[in-house]
Each structure stands twice: as C-alpha cells, then as structure tokens.
Amino acid sequence: MHDYHVGNSAVPRDVVGEFVQSCHKYGIKPGLYYSLGGRYLTDLCTREDGTLDRPKLNDLLLRQLEELITNYGPLFEIWFDGGILRPEKGGPDIPGLLKRLAPNLICFGGCPGIPNVLRWSGSEQGVAVPECWSCAHYLTEPERDNVTPDSPGDPMDPIWAPVEVDMPVRDVMYAYKGGWMYHAMDADKTYSGEYLFQRYLTSVGRNANLLIGCVPDTDGLISQDQVDSFRGLGEIVNRELGVHAGMTETLLDGERMEVWFDGPVDAEYIELMEDQSEGQHVLEWVVETRWPAYWCTKDGLDRWIPLAQGQSIGHKRIIPLGKLRGYAFRLRILKSLPGAAMRSMRVYGRKVPMQFHDSIDA
C-alpha cells in the first residue's frame, strides 16, 4: 500500500529480522518500539483537503502490526510510544488484533482490552518514585487522545500495570535529540557504568523495570563508548549484587524475615522481594538491625533499631546502606492486605574478620 520501508533505504536489510535473530541467539526476549503517530503514514493518509483519512491510517497501522507479530513473533513486548488511541475514540482495533494473534504480548502504554500492560514512570531519567506500586488506573480525561495507565499507582487501583522506566544511554538533557538519536559528537555525553548503576537502584531497586536506549551509528553499529557503558553497568551489578552475604526465604509468623551472621558484616545493600503472583499486598515495612547495646541498656539486652522504612516492596526493593556494620538484619511488615507473601531477603556486603573479647573490663 506504500513504498516507505527499509527495503527502499540505503541499506536494504531486514533490520527487525536480524534484531530478533540476535535476541534469540543470546537468549533475550525480543521487544519492539512502535509509534502510532509516524509522520510519514499520517501524511500518506491525509486527503487533499487536509483532513485525515482515519480508516485508511488505521488499516495501515493494523497491517504493520500484524506483519511484525506474525513474521517476527513471538514477541515479548511492544512499546507503544504515547499510548494507544482506543477504537471507540476512532483508533485502530489493536486490542482485537492482539487478542487474535498475540494474547500474551506485553504492551507498554496499553489500553483497556489488553490484559498485559506496562506504564511510564513519568520521566526519561531512569528514576521511579520510591513508593512505586504495581497497580494503577487508566487516565481517561476527555482532553486525552490516548488512554494510558500512566497514573501514579496505588495498591488499591484495579489494573496490574507495573512501571517500565526508560532512559537513553546518553545525556537526556545535552545529547542530540535527548540522547535517543545518534550523533558522532556525543561520545562525551555517554553515561558511565557507575551512573547507570545508580539508575538501576532508582528503578529496578524501586519495583520497576529499567529500559536503556542505545543508538546505532550510521553503519548500524553500537559505538564503543556505549558498549563500554553497558559493560560497566553489568560489571558493577555483578560485583555489588552478584553474591549475597546471607539470605532467607522464610517469613516468620507471617510478618518478619531475619538474616543472622556469626560475626560482623559491612552491609552495602538489603534486597527485598515480594511474591506478587497473587498481587502486591505489603503496604508498609521497616528494615532493622540488631544493636549490641549490652553496655548501655538497663536490662543488658540487644535492641532492634530501624534502618529504613517504606511502603511498596513489589518485585524488588533495594536499600543502600553504605557499609553499615551489623550482625543481624530483619524486615518487619507493619501493614498489609490479606495474603501478603515474600520471596526473599538478601544482605549484600562483606563479612569482617574480628576477634571478640570474652569479657568487658569495667
């Protein structure tokens, strides 16, 4: 129906096919970005009087999506940039298409009628709010063309729509086109692996998924500065969060988890993981450490003291502690919905060799 496709480009290769094949080669689930607002297709479907031929545009969009899903599937996710115009508002029947061809496909910016949706974090800087909930509601104000689940989130909201945090690998404020498009002069604006790790903590560590955009150069390759950035991120994640010092999967009395050590540990991070198979149910929590205060308490007993407190846990909550020394750590669930369940609690850090006194001199 039109000649606007990669086959008529300067490099007529099946870019999507090569990408999906590469994903399969390395065990990665493929996802695609798709915009319903492409300017070329809109121009193609504009009548001589300047009005948009919406049925023609909808037909083109559905044909493209069907081609992507049937020729390159199964796909794991499609990122619908800006959301989807619902059929009752004049948009293409994407819910019907997905129900027929790919009912399990995950849709970023999905609309009612699509069972598996993700929502936006509200920025492109790799940051989710600290209390990031897995549930949300659709934004349906009359002035909104696209109905999306991009609401702040609330544990009582009706839609399961976890957050996907997006960010470019190059500086979102100073790189070309916000870091989403390639420019040869932008290598100095590529984020370091350490910077990306901090964004990992403010996204993955806050019950969200992190999606980092890389930009192919004019030869279709990923420049070395970007490769170094991604490799640095992976190395830091493996170093800091690859091997725990201690963990537990046991929820005691339905309200607490405890990790004990036989000596001191300089704890860098505590990772909490909620079991969300039946929903997100933990509403408030506190993490504590055991304080050996036998010399300054009236009863001579140790005490639990708070280190961090919050509301949402979700898939994963990572709490930076900065080499806090302790010998026991625990999670207490202060408030929850019925059926609250935890997957694990992990302490990451370094055990400290130390010789203990048998007694304390007065």
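Scroll up to find the structure.
Residues numbered from 1 in each chain as written. Predicted model: local features only at pLDDT ≥ 70, side-chain atom pairs only at ≥ 80, totals over all residues. Heavy atoms only, no water.

Under the counting rule described, the total for this entry stands at eight aromatic pairs. On the numbers, 5.7 Å between centres and 85 degrees between planes, the contact of Trp260 with Trp304 is edge-to-face. Of this pair, Trp260 sits in strand E10 (residues 256-274) while Trp304 sits in strand E12 (residues 303-310), and the two are 44 residues apart along the sequence. Judged by relative accessible area, which is 46%, Trp260 ranks as partly exposed. Grouped by ring-pair contacts, the aromatic residues Phe197, Tyr200 and Tyr269 constitute a single cluster. Seen from the ring of Tyr195, Arg199 lies directly overhead, with NZ or CZ sitting 5.0 Å from the centre. (Phe/Tyr/Trp six-rings, centres within 6.5 Å; stacked < 30°, edge-to-face > 60°. Helix = DSSP H or I, 4+ residues; strand = E, 2+ residues; numbered from the N terminus. Buried < 20%, exposed > 50% of the residue type's maximum accessible area, 1.4 Å probe, protein only. Lys NZ or Arg CZ within 6 Å of the ring centre and 35° of its normal.)

The pairing of strands in a sheet happens through backbone hydrogen bonds and is either parallel or antiparallel. Strand order in the open sheet formed by six strands is E9-E14-E10-E13-E11-E12, and the pairing between neighbours is antiparallel. Each edge of the sheet is formed by a strand with only one pairing partner; in this case those strands are strand E9 (246-248) and E12. Each strand of the sheet is rotated relative to its neighbour by a mean of 30 degrees, with strand direction disregarded. Bridge count for E10 against strand E13 (residues 317-336) is 12 bridges, and the pairing is antiparallel. Looking at E13, one finds that Met257 is bridged to Leu331. (Pairing = 2+ DSSP bridges. Axes fitted to C-alpha atoms, helices over the stretch in contact; angles between N-to-C directions.)

A separate point is helix H4 (residues 94-101). Turning to H4, its buried residues number three or more, namely Ile94, Pro95, Leu97 and Leu98. For H4, the buried positions fall inside an angular range of 160 degrees around the axis, keeping them on one side. More than 90 degrees from the buried face of H4, the exposed residues found are Lys99 and Arg100. Contacts made by the buried residues of H4 are with helix H3 (54-72), strand E2 (77-81) and strand E3 (106-108). (Arc of directions from axis to C-beta. Contact = heavy atoms within 4.5 Å.)

Once that is clear, we can look at the pairing of E2. On any regular strand, side chains alternate: one points to one face of the sheet, the next to the other face. When you tally the buried positions in E2, you get four out of five residues, the bulk of the element. The sheet contact formed by E2 and E3 spans three bridges and is parallel. Residue Glu77 lies in a different strand from E3, and its bridge partner there is Ile106. On the question of chirality, the crossover connecting E2 to the parallel E3 by way of H4 is right-handed. (Right-handed = clockwise from strand over helix to strand, strands pointing away.)

Burial of nonpolar side chains together is a common tendency in soluble globular proteins. Counting residues in hydrophobic clusters, the biggest one holds 31 residues, and the most contacted among them are Tyr34, Ile78, Phe80, Ile94 and Ile114. Residue assignment for this core shows that the elements contributing at least two residues are strand E1 (31-35), H3, E2 and H4. No other element matches H3, which puts seven residues into this core. Dropping the residues within four chain positions of it, Ile94 is found in contact with Leu36, Leu62, Leu65, Phe80, Ile84 and Ile114. Counting residues in each nonpolar core, the second largest holds 23 residues, with Cys132, Met167, Phe197 and Leu201 among its members. (Core = buried A, V, L, I, M, F, W, Y, C linked by side-chain atoms within 4.5 Å.)

So, to be careful, I would describe these as geometric facts and stop short of saying anything about function.
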